[in-house]
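# Coordinate inspection notes
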Amino acid sequence: MKPSSAYPLPRDYRLNVEDLRVVARGMQRPECVLALENGELLASHGGGGYSRVLTDGNVRHVLPAAGRGAQAGRAYVPNGIALAPDGRVLFADLGAGQGGIFALAADGALEYAVESIEGKPLPPSNYVTVDAGGTLWLTVSTRRQPRSEAWTPTVADGFIAVLDSDGARIVADGLGYTNEIAFSPDGRWVYVNETYAQCVSRFALLPGPALGPREVVARLGGANLPDGLTFDAHGGLWLTCIASNRLLVVRPDGEVQTVLEDTDPEHEALVAQGVQTGTLQHATMQTAGRSRLGNMSSLAFGGKDLRTAYLGCLLDDAIRAFDSPVPGLPTAHWRRTVSG
């Protein structure tokens with residue numbers, strides 16, 4: 001990353017929880033939030049689909065319709081979501097034993113976008129996005145089941161894959177609990193959060209598409225478990241950390257700056273110990289302790305000037321927002337619209 005002498009985010013910039021405002025309630029596990037140029041928000045819905053926050057503030061939930069392609073008896077757990085060029089919403093299914101990438105239309109019609117890769121069914125899947133050229137990118141955090149076996153830096157079996165006209169294939173493997181990915185402002189790099197390896201890595205984006213060798217950009221510690229990552233327009237990389245409920249910015253020179261935290265010290269210590277010893281329990285990650293942020297999991301820049309930052313979470317029913325001192329980087333889905 002290049003020197004940050006011109007990076008406009010003040011080094012002393014700091015938010016408090018009181019600076020946040022709730023822009024939508026009535027959500028269910030809004031882990032991933034997308035902001036669109038038309039003012040709408042999309043969020044994953046833990047009940048099996050997605051939530052659409054309209055410009056008038058009303059919330060509409062879209063779930064798979066019976067008999068419209070959904071598998072009978074299957075409980076979907078949408079984690080990362082994306083807006084495809086055709087207006088359907090894609091979601092990565094983080095089910096207990098099954099995964100896959102699904103496309104959900106506004107009328108509830110559901111179908112696989114990616115069911116298998118390299119001859120094997122997709123394990124529980126974490127994230128999905130569609131780049132400006134129409135290539136679908138996805139991540140799988142781990143091949144272990146239960147996934148909690150990979151909640152330690154000693155396990156690195158996650159991967160990044162793509163789907164294009166040549167089919168679905170893995171382009172990077174051996175990652176420490178692969179989570180969200182993001183493309184750098186100059187289009188030269190793919191950045192990825194490795195949640196339980198507690199680091200941010202990047203790969204040179206090569207023709208194909210293919211990825212070059214892995215480079216570590218930032219290392220974190222304690223209970224800072226990076227989940228979501230989003231670039232601002234000046235090259236700063238914003239990270240949302242579950243467990244510690246910290247919002248961090250990796251400045252262009254590599255310095256990691258804390259801009260928001262609402263951390264329960266006792267819970268943080270319990271999580272940090274569990275990660276390092278490989279003993280972290282599922283029940284421990286189903287609470288944020290005394291934090292009020294509900295395991296903050298994603299950030300999306302939106303608003304007419306891309307200076308409104310929206311926060312998704314795992315354990316609350318709300319999307320929160322704050323006014324950012326720097327604008328976000330427009331994403332590939334920014335000017336897309338939801339069909340129906």
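In this report, we go over the structure that sits alongside the text. (Residues numbered from 1 in each chain as written. Predicted model: local features only at pLDDT ≥ 70, side-chain atom pairs only at ≥ 80, totals over all residues. Heavy atoms only, no water.)

The subject of this paragraph is the side chain of His45. For His45, the position within the fold is in strand 3 (residues 41-45). Of note is the side chain of His45, whose polar atom sits 2.7 Å from the backbone nitrogen of Gly47. Other than its neighbours up to four places away in sequence, His45 contacts Gln28, Tyr50, Ser51, His61, Leu63 and Pro78. (Helix = DSSP H or I, 4+ residues; strand = E, 2+ residues; numbered from the N terminus. Polar contact = N/O pair within 3.5 Å; in protein donor to acceptor, adjacent residues only side chain to side chain. Contact = heavy atoms within 4.5 Å.)

Taking strand neighbours across the sheet as the criterion, the four strands line up as 12-13-14-15 in an open arrangement whose pairing is antiparallel. Two strands in the sheet have a free side with no partner beyond their single neighbour: strand 12 (127-130) and strand 15 (167-175). Recorded for the sheet is a direction-independent mean angle of 15° between the axes of neighbouring strands. Relative to strand 15, strand 14 (residues 158-164) runs antiparallel, the two sharing seven bridges. Bridged to Leu163 within strand 15 is Ala168. (Pairing = 2+ DSSP bridges. Axes fitted to C-alpha atoms, helices over the stretch in contact; angles between N-to-C directions.)

Going through the model one piece at a time under the given rule, you end up with 24 salt bridges. A salt bridge links Arg11 to Glu255, with the shortest nitrogen-to-oxygen separation between them at 2.1 Å. Residue Arg11 is located in the segment before strand 1 (21-24), and its partner Glu255 is located in the loop between strand 22 (246-250) and strand 23 (256-261); the two are separated by 244 residues in the primary sequence. You can call Arg11 partly exposed: its relative accessible area is 46%. A salt bridge links Asp316 to Arg320; the shortest N-O distance between them is 3.0 Å. A relative accessible area of 21% means that Asp316 is categorised as partly exposed. Given the relative accessible area of 13%, Arg320 is considered buried. (Salt bridge = Lys/Arg side-chain N within 4 Å of Asp/Glu carboxyl O. Buried < 20%, exposed > 50% of the residue type's maximum accessible area, 1.4 Å probe, protein only.)

Function-wise, these values are silent; they only describe arrangement.
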